[in-house]
Amino acid sequence: MKLIRTEDAVGSVLCHDITQIIPGVVKDAVFRKGHVVTEEDIPVLLSVGKEHLYVWEKQEGMLHENDAAEVLRQVCQGSYMKASEPKEGKIELTAETDGLLKINRTKLNAVNAMGQIVLASRHGEFPVKKGDKIVGMRVVPLVIEEEKMDRVKEICGTEPVFQILPFRRMKAAIIATGSEVYRGRIEDKFTPVVKEKLEECGVEVMGHVLCDDNAEMTTGAVNDWIEKGADMVVCTGGMSVDPDDRTPLAIRNAADEVVTYGAPVLPGAMFMLAYKKKDNDAADIPIMGLPGCVMYARRTIFDLVLPRIVAGEHLSVEDFSVLGEGGMCLNCKVCTFPNCGFGK
C-alpha cells in the first residue's frame, strides 16, 4: 500500500472505501475498496476532500482480490451457470436452467479450510430453477498470495466444484395397487398426488392403471408400460411387510436390479427403488414403490429421490444410507421445503 496524489491515481486500485457525506441526503461509500480509479473519478474524489489516496502497490507473487475471485470462478463454475462480474473480490454463480445441483463437497471443504477464501453455497442434491443463486465466492483480503490461489487450482483440478444436471424430458406411468381400489370399493386418491409431484419435476404422465393384490398382475403392468415407452414406473400401495402386500415382490420380478427396499427417511421408510435394464444403450428404467405416506404427507422420501431420477442419476444403496441425518421431516405447520433441514 502506498500514498499518492489523487491526480496521479488513474489506473490505481483503492485500498479502502471512500465515503461521501451530504447532510440529509447520503452517507455511503462513493467508491469501494478495490475500485480502479478512472479519469472521471478524480473530481469526485477531490470533492469529498481526498487529495491523497492509499492505493494498492502491485507486488510480485500477490493477486488483487478480483483476480483471485476469477480463479475461484474458474474452478467452481460448471455448465448451465452464469457468473456475475467481479466486485470487491466477490463473484456469484446463477443457474441458467432447471436441474439438480451437484457439489463436490471434498473440494468445497478443502478450499474453505485454507483460510482467507470463502465459498458459500446452497445445498447440493436438490433442485434449482433458472435464475437461482448457487454460490457466492470471494477472497477476504484486498490482496492474496498467488501461491495460495495456485493451491486452489491444484485441489480442484479440472472438474468444477459445482455442476447442474439439467432435468430430462421423461415419461412416467403410475400403477395403483390394492384390491379395494381395483374393485372400486374406495376411490384412488394416491394417483392424483403422485401425478402432481411428477409434473412438479416436469415429468409427463403417460397414464395409470389399477391392479389388485396379485403380484403377477402388477409385474405385467410394469412390463407393459415399459414396452409402451415409459421412462419410469411408479407403483403405489401394498408396500408394507404385511403378507398380503405384494408390490415389492412384483417390482422384484419386473426388475433386473433392486437398489433398496427401505430408506432411513421418515416419512418414507418403506420406499423401494429398482431398475429394469434396456436392451440398447438407453438409460435403465427406474421402478419405484411408494409407501402410503406419500399420499398424505406433504414431503417424503419421494421428494428427495424424484429430482435425482429426473436429472439422470442412477442411484445406489450408498445414496440412501447417507440420508439418515436430516432424514426426519419435522412436519412443520408451515412447510418451507426445500428451505429446511429435511434431506440435508
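Bear in mind the structure is a predicted one, so any value in this text is a computation, not a measurement.

Visitor: Where do I start with empty space enclosed by the protein in this structure?
Guide: Empty space among the atoms can be located by rolling a probe the size of a water molecule over them. Applying the stated rule across the entire model yields 1 cavity of 30 Å³ or more. By volume, the largest cavity is sized at about 40 Å³. The wall of the largest cavity is formed by 10 residues, among which T177, D212, D213, R246 and T247 lie closest to the centre. Looking at side-chain class alone, the lining of the largest cavity contains 1 nonpolar, 5 polar and 4 charged residues.

Visitor: Any chance you could explain the layout of surface pockets here in plain terms?
Guide: Each pocket or cavity is described by its volume, and for the largest pocket that value is around 530 Å³. Elements represented by at least two residues in the lining of the largest pocket include exactly β10 (127–128), α6 (190–200) and α10 (301–310). Counting residues per element, the lining of the largest pocket draws most heavily on α10, at 4 residues. Per-class residue counts for the lining of the largest pocket are 10 nonpolar, 3 polar and 9 charged. There is about 430 Å³ of room inside the second largest pocket. R105, E125, V322, L323 and G343 are the residues nearest the centre of the second largest pocket, which is lined by 18 residues in total.

Visitor: What is the right way to read the packing of aromatic side chains from this model?
Guide: Each aromatic ring pair is described using two quantities: the centre-to-centre distance and the angle formed by the ring planes. By the definition in use, this model includes 3 aromatic pairs. Site record: aromatic cluster; members linked through ring pairs are F126, F337 and F342. Looking at K228, its charged tip hangs above the ring of W225, at a distance of 4.8 Å from the centre. Its guanidinium or amino end placed over the ring of F126, K344 lies 4.3 Å from that ring's centre, counting from NZ or CZ.

Visitor: What should I look at first to understand helix α3 (residues 105–112) in this one?
Guide: Every α-helix carries 3.6 residues per turn, so stepping three or four residues along brings you back to the same face. Among all positions of α3, only K107, L108 and V111 are buried. Each buried residue of α3 sits inside an arc of 100° when the element is viewed along its axis, so together they form one side. Buried residues belonging to α3 abut β8 (99–103), β9 (117–121), α4 (146–156) and β13 (162–166). One side-chain oxygen of the residue at the start of α3 lies 3.2 Å from the amide nitrogen of T106, identifying that residue as N104.

Visitor: Looking at this structure, how should I read the state of the cysteines?
Guide: Two cysteines form a disulfide when their sulfur atoms are joined by a covalent bond. Overall, the coordinates contain 0 disulfides when judged by the stated rule. Counting only cysteine sulfurs, C235 is the nearest neighbor of C211, a cysteine outside any disulfide, at a range of 8.0 Å.

Visitor: Got a minute to help me understand the pattern of salt bridges in this structure?
Guide: Once their charged atoms are close, side chains differing in charge can pair, the charge on each being opposite to the other. This model, assessed by the stated rule, comprises 18 salt bridges. As a salt-bridge pair, R308 and E125 come within 3.4 Å of each other at their nearest N and O atoms. Of this pair, R308 sits in helix α10 while E125 sits in the loop between β9 and β10, and the two are 183 residues apart along the sequence. Exposure class is identical for R308 and E125. Each is buried. A salt bridge links R299 to D303; the shortest N-O distance between them is 2.8 Å. Given the relative accessible area of 18%, R299 is considered buried. Looking at D303, the relative accessible area reads 10%, which means it is buried. When salt bridges that share partners are traced, they join K102, E125, R308, E313 and D319 into one network.

Visitor: Where do I start with the side chain of K102 in this structure?
Guide: Position of K102 relative to the elements: it lies in strand β8. A distance of 2.9 Å separates polar atoms of two side chains, one belonging to K102 and the other to E125. If near-sequence neighbours (up to four positions away) are discounted, K102 is found in contact with E125, V161, F162, Q163, L165, R308 and E313.

Visitor: Just to check I follow, could you spell out unusual backbone geometry for this structure?
Guide: Note: most residues except glycine have negative phi, and most peptide bonds are trans. In this structure, P267 follows L266 across a cis peptide bond, with omega equal to 5°. Here P267 lies in the loop between β17 (257–261) and β18 (272–276). Of note, the bond from F337 into P338 is cis; its omega dihedral lies within 30 degrees of zero at 10°. As for its position among the elements, P338 is in the segment after α11 (317–321). Unusually for a residue other than glycine, E125 sits at a positive phi of about 70°.

Parameters at a glance
- Residues numbered from 1 in each chain as written.
- Predicted model: local features only at pLDDT ≥ 70, side-chain atom pairs only at ≥ 80, totals over all residues.
- Heavy atoms only, no water.
- 1 Å grid on protein atoms, 1.4 Å probe; cavity = no way out; pocket = protein on both sides within 12 Å on 5 of 7 lines; lining within 4 Å.
- Points joined across faces, edges and corners; volume = space filled by probe spheres on them.
- Nonpolar A, V, L, I, M, F, W, Y, C, P; charged D, E, K, R; others polar.
- Helix = DSSP H or I, 4+ residues; strand = E, 2+ residues; numbered from the N terminus.
- Phe/Tyr/Trp six-rings, centres within 6.5 Å; stacked < 30°, edge-to-face > 60°.
- Lys NZ or Arg CZ within 6 Å of the ring centre and 35° of its normal.
- Buried < 20%, exposed > 50% of the residue type's maximum accessible area, 1.4 Å probe, protein only.
- Arc of directions from axis to C-beta.
- Contact = heavy atoms within 4.5 Å.
- Polar contact = N/O pair within 3.5 Å; in protein donor to acceptor, adjacent residues only side chain to side chain.
- Disulfide = S-S within 2.5 Å.
- Salt bridge = Lys/Arg side-chain N within 4 Å of Asp/Glu carboxyl O.

Read these as spatial facts, not as claims about activity.
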